[in-house]
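Tertiary structure, described
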Protein chains: 4
Amino acid sequence: MGIRKDDNINLYSRYPAGPGNKITDVAGVKVGNVTIQSEDHNVNTGVTAVIPAGGNLYRDKLLAGASVINGYGKSVGLIQINELGTLEAPILITNTLSVGTVLNASVKYMLGQNPEIGVSTMTVNCVVCECNDSRLNDIRGMHVTEQDALDALEKAGTDFEEGAVGAGTGMVMMGCKGGVGSASRLIDIAGRTYTIGALAVTNYGTEHSLIMGSDHVGARLSGQRPMQDKGSCIMILATDIPLSCRQLTRMANRSAHALARTGSYSGNYSGDIAIAFSTANRVGHFSEDPFVRVDFLNERYISNVFEATVEALEEALLSSAWHAETTEGVRGNIIQSLRDKLSVK
Amino acid sequence: MGIRKDDNINLYSRYPAGPGNKITDVAGVKVGNVTIQSEDHNVNTGVTAVIPAGGNLYRDKLLAGASVINGYGKSVGLIQINELGTLEAPILITNTLSVGTVLNASVKYMLGQNPEIGVSTMTVNCVVCECNDSRLNDIRGMHVTEQDALDALEKAGTDFEEGAVGAGTGMVMMGCKGGVGSASRLIDIAGRTYTIGALAVTNYGTEHSLIMGSDHVGARLSGQRPMQDKGSCIMILATDIPLSCRQLTRMANRSAHALARTGSYSGNYSGDIAIAFSTANRVGHFSEDPFVRVDFLNERYISNVFEATVEALEEALLSSAWHAETTEGVRGNIIQSLRDKLSVK
Amino acid sequence: MGIRKDDNINLYSRYPAGPGNKITDVAGVKVGNVTIQSEDHNVNTGVTAVIPAGGNLYRDKLLAGASVINGYGKSVGLIQINELGTLEAPILITNTLSVGTVLNASVKYMLGQNPEIGVSTMTVNCVVCECNDSRLNDIRGMHVTEQDALDALEKAGTDFEEGAVGAGTGMVMMGCKGGVGSASRLIDIAGRTYTIGALAVTNYGTEHSLIMGSDHVGARLSGQRPMQDKGSCIMILATDIPLSCRQLTRMANRSAHALARTGSYSGNYSGDIAIAFSTANRVGHFSEDPFVRVDFLNERYISNVFEATVEALEEALLSSAWHAETTEGVRGNIIQSLRDKLSVK
Amino acid sequence: MGIRKDDNINLYSRYPAGPGNKITDVAGVKVGNVTIQSEDHNVNTGVTAVIPAGGNLYRDKLLAGASVINGYGKSVGLIQINELGTLEAPILITNTLSVGTVLNASVKYMLGQNPEIGVSTMTVNCVVCECNDSRLNDIRGMHVTEQDALDALEKAGTDFEEGAVGAGTGMVMMGCKGGVGSASRLIDIAGRTYTIGALAVTNYGTEHSLIMGSDHVGARLSGQRPMQDKGSCIMILATDIPLSCRQLTRMANRSAHALARTGSYSGNYSGDIAIAFSTANRVGHFSEDPFVRVDFLNERYISNVFEATVEALEEALLSSAWHAETTEGVRGNIIQSLRDKLSVK
């Protein structure tokens, strides 16, 4: 049982957090944010890049699984993850109408690293996820450039900011300012410590239903008439536990449980989408070996993995709001931060 | 926002409960329990029957959807619900190894009502769901008879018991005695009041993770070393709102959120399965009209339906434990009731 | 390219058949048929058992995948195959209304082999598939007994009959007498020969659309007004190639292609369902090792596996009709054999 | 039974073709091709736009369903079609690496038509599908511009070319030059004639397995060592029959059967993806009515719809090759036309 980051979020926790309490506690994972804002407050958007592992991802793919908790979303790249169980490119997150631009950037990034693509071998499955930041951002202006996406990839490192940054710059979570949140958990399996990391871009839910740890905060905060649950939530799960793509899909499915613990019921307009990957096995694109040998977790030990996943992701979701500052946006809209609402310094 | 049934379960609630606060608040829904116990405590099992609507279900089918939250389960009948979007038989719930017997009973029940089946028309898709009650029940003995299932159908009415009865007789929820639980919510749409009802047979989770309303009760209860999350949860959702089968599937998907609010992370061994149906449209089996006309809810109003569904089901899940008594079972196993654990009279 | 079994079925084939040209060419696979017929022709039904491998299946599970091509069907056991990717019991096939009885038999068979089930370990996922044989069988009579199913398991061997036997006794395929059909293909991977086997119970399609190899036979046969495509098709695929459950699901998905080559468009009432398993890896139920090591096929070599699968299954489907005799059934219905229709001796 | 377009393709057909024998026989459907080729033959690519109905698609959405036959593909927009059952934007098809650019164009096209998007209402789900034309096209050059996509939308009409045009310019089907193909079928339901239209962009299969009507052509054509089945196939199905999104998904699922009739077994690298829509019902984006009333086909009549769909799509697939000319492409690659291979003038 534990308390985290701040006495105001009293999260039940059976597993300890990793040293950074972020997704980058999983060795090899890097995250980069590019924040795009204009002085007139009309532009509040950005890109968040998750590089899931070192080396050449296309040549040495990761096993992965995806889960569509609620499909009101425009994410790109999930079909192939589901069919082949592999991830071969970084995961980029941005606003809904900038998916095409960020996809172009990701394609060029992958072409640059892999001269064989489209010549002597197949194409590449780039992954771009999105939330709709139009409450604070002039989303119609399509202000994200390909260079912004490339910069997010370039800047990616093991340390990164949470809150109203990157793809989270203009997002709204549970009526509060949302953004990028992350957390991690450590779990022992057969005498070795493994890490589960979560990163979320939060743009979902209604204020009145916000739950923080053991507290229905939203019921107190919400003086107004309840709003519709719109927006979306992108959830990235990383681990160094050897999991098969089927197991990773099961892990991704548990993102519904983490969302629910924060008060979400996955409203109609919420594209709640999760991708889980493991850094433990690599699948060689150019390998001509007839067989691939993988280790995966004995299923009897997977319940704890699910539990730690829910813990990490619940904290990541709340952390996004905890770290976000009150933000003024397009059309004079102002979204207060959670801490301002709670009058926490 | 409200408190329900008892001051000890302080559930956040935006929607009022129906008059009976049970699934049978949805007009036409009937529930029947047959409880099977032996004096030597070796047998603790039963059957719960949900008759989803009046009239001849086979001739006038309901729209329905199903969701497999975690597929470690042996439920029967979901494939056809998913393909055709209809429910044409009652839903029966029992222990895992008695599915065949209860299926036989349901087939005979349907044959009795419909002399055309297997002669001048197709067969019938009977639905049987299950949980594993072997912690308290001699499940290998296969003690449920076809007559037990027929009796549950025969006894079905608008009033029924919750707790350690029917299919819930031998179930264990979150380390406490589980069973049958039910609740309902009322929701206004366009000036008319509709009802959402939930019934659950609960056999899932670990004591240490139990959440009741806003309280991590399990963290206090659990002195022992945490157990694996095994068992299952069958969740039946009923409504009189005109929903399409796609919308009912979305509704069923929200059962993950309700489970999570009680502390579940859908452990490996938990067959968490939901079926949702609407009584508002009937689809005629023998109709030769070229087209079927249905009304379904404008999607913009569905988020509230999801929220009310999560509320009703969360309460149904907790209600199953709240109403169950401490039970002695096979091999001397005793599972304490939630109220005994909490020392509530 | 080859011709098979008979000059009248000129099948295009790139892969050679195995020595028996049946699913039992895959080492370890056994098939048993129990045929149930009454002298008054009212009863024409049965059970077909597929034992997928030697040893104790529950203790040492196989990897498996399933595919629902058209879900108008009542098969049991697919949910867990999809979630866990394993097969832990034989596959039994019977008529639609006898699923409960055969399921009971399978449960008892598994309990007999595994005293731990339901006491010191979980329950068991039995798999029962079905087609509706009511055109020739008094299906309402539920004439299959548990002993019939146990006998089919008992009789299972590497040699077995095709045609109007076992579960295929009362089935109708493409307006002709259907039944049990099987075939196999050999495929070289990295210098070693592997086997793909297919077994089908055929009860689908309309006479007018029957295609045999390169011949639209049905267009000539069908003098009558075209009938609806009703009935179902159960398709079992076996291989000794090391395939993951994801790959086996992909393999099962190709059963649609084989069906189509015989003229099917998977009519509304056709429960077209496929299960694929590999005998190459075993997953230990009681293993406490933290990790499971499996080899699976390098995806770059899988297209040939798909092609050989389609070839084997297409032949299995046609073989069921080729081997079936004209059968008189309930209510005076007579279904002519394909060979009688073609006036082939 | 009929013969179509040319005596050399002898297709079995139970349903008559519509007046144009193209997808545009479905009233309201428009198709536009933009073909992009360079004189040095390095560029062979393009865009095909399918505008599914008149009026403002975003304000008055169509019901739709999608099916992933094999998910080695990068199509965009399917997640939301599956969740909501609606299509709210044109379908654009291009090469794999140009999806981002075409997506941007489609977003701008939709923003132009709908000033409310991203301001007073949600965003928009644009649909872009793709095949890999790198055997004939310098796909790394990303030669498609946003203007090309807008031009394809602008040019869209009821008459359009088939063969090596638009998105099909650089595609290869079954070892022959592929491209854009289309066909239609008329079907009577309750005394009224309805239309089913199909359009395919074909880039799949291996020469040795090509089947045309009742003829295994490929087995004769293919002197070379068999090639891998790579590439993809995008299949668009349109109808004016009132079908629900569930029924449209079932319709889309039958695209596997049509593929198979041409010899495909959906090889590993083939992103075989189908989208089906009906023009019969419109769902109002801004409607505040509590309920939507739709008519949908009585399921008992749907088998014929499936059969006519398979017929139309089979012909569309073959028609793409029939109309394509021998094409020289990048790196000196030349892909012969089917007619050249068959020496048909």
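Our focus in this paragraph is the packing of helix H2 (residues 99–113) of chain C against helix H3 (residues 146–155) of chain C. Residue and element names in this part refer to chain C. Orientation of H2 relative to H3, taken along the N-to-C sense of each, is 55°, at an axis distance of 8 Å. Judged by the inter-axis angle, H2 sits oblique to H3. At the point where H2 passes H3, the crossing takes the right-handed sense. Two secondary-structure elements touch here, H2 through Thr101, Val102, Asn104, Ala105, Lys108 and Tyr109 and H3 through Glu146, Ala149, Leu150 and Leu153. Of the residues assigned to the contact of H2 with H3, the class counts are six nonpolar, two polar and two charged.

At the junction of the two partners, chain D supplies 43 residues and chain A supplies 43 residues. In total, about 3,800 Å² of surface goes out of reach between chain D and chain A, with carbon and sulfur atoms giving 61% of it. Here chain D and chain A share zero salt bridges between them. Remark: the boundary between chain D and chain A carries 20 residue pairs in polar contact (both at pLDDT 80 or more). Contributing elements (two or more residues each) for the side of chain D that touches chain A: strand S3 (60–71), helix H1 (78–84) and helix H2 (99–113) of chain D. Broken down by element, the residue count for the side of chain D that touches chain A peaks at eight residues, all from H2 of chain D. Across the side of chain D that touches chain A, the residue classes break down as 20 nonpolar, 16 polar and seven charged.

Overlaying chain C with chain A gives an RMSD of 0.0 Å, the required rotation being 180° about an axis along which the chain moves by 0.0 Å. In the structure described here, the two chain copies are related by an operation that fits a two-fold rotation axis. No C-alpha of chain C approaches the rotation axis more nearly than that of Val294 of chain C, which lies at 2.8 Å. In this assembly the copies share their binding face: 100% of the residues contributing to the interface of chain C also contribute to that of chain A.

On to the sheet that holds strand S6 (residues 127–131) of chain C, then. All names here are of chain C. Pairing within the open sheet is mixed, and its four strands lie in the order S1-S2-S5-S6. Two strands in the sheet have a free side with no partner beyond their single neighbour: strand S1 (30–37) and S6. Within this sheet the neighbouring strands show an average axis-to-axis angle of 15°, counted without direction. Taken together, the five bridges between strand S5 (residues 91–95) and S6 define a ladder with parallel strand orientation. Bridging across to S6, Ile91 finds its partner in Val127. Contacts between H2 and the sheet are confined to strand S2 (44–51), S5 and S6, with S5 contributing the most and set at about 155° to the helix. Sitting on the sheet, H3 touches S1, S2 and S5, and the angle it makes with S1 is about 140°.

Scoring rules and cut-offs
- Residues numbered from 1 in each chain as written.
- Chains lettered and ligands numbered in written order.
- Predicted model: local features only at pLDDT ≥ 70, side-chain atom pairs only at ≥ 80, totals over all residues.
- Heavy atoms only, no water.
- Axes fitted to C-alpha atoms, helices over the stretch in contact; angles between N-to-C directions.
- Helix = DSSP H or I, 4+ residues; strand = E, 2+ residues; numbered from the N terminus.
- Parallel < 35°, antiparallel > 145°, perpendicular 65-115°, else oblique.
- Left-handed = near helix turned anticlockwise from the far one by under 90°.
- Contact = heavy atoms within 4.5 Å.
- Nonpolar A, V, L, I, M, F, W, Y, C, P; charged D, E, K, R; others polar.
- Buried area = accessible area lost by both parts, 1.4 Å probe.
- Salt bridge = Lys/Arg side-chain N within 4 Å of Asp/Glu carboxyl O.
- Polar contact = N/O pair within 3.5 Å; in protein donor to acceptor, adjacent residues only side chain to side chain.
- Least-squares fit on C-alpha atoms with pLDDT ≥ 70 in both.
- Pairing = 2+ DSSP bridges.

Functional significance is not addressed by these values, which are geometric in nature.
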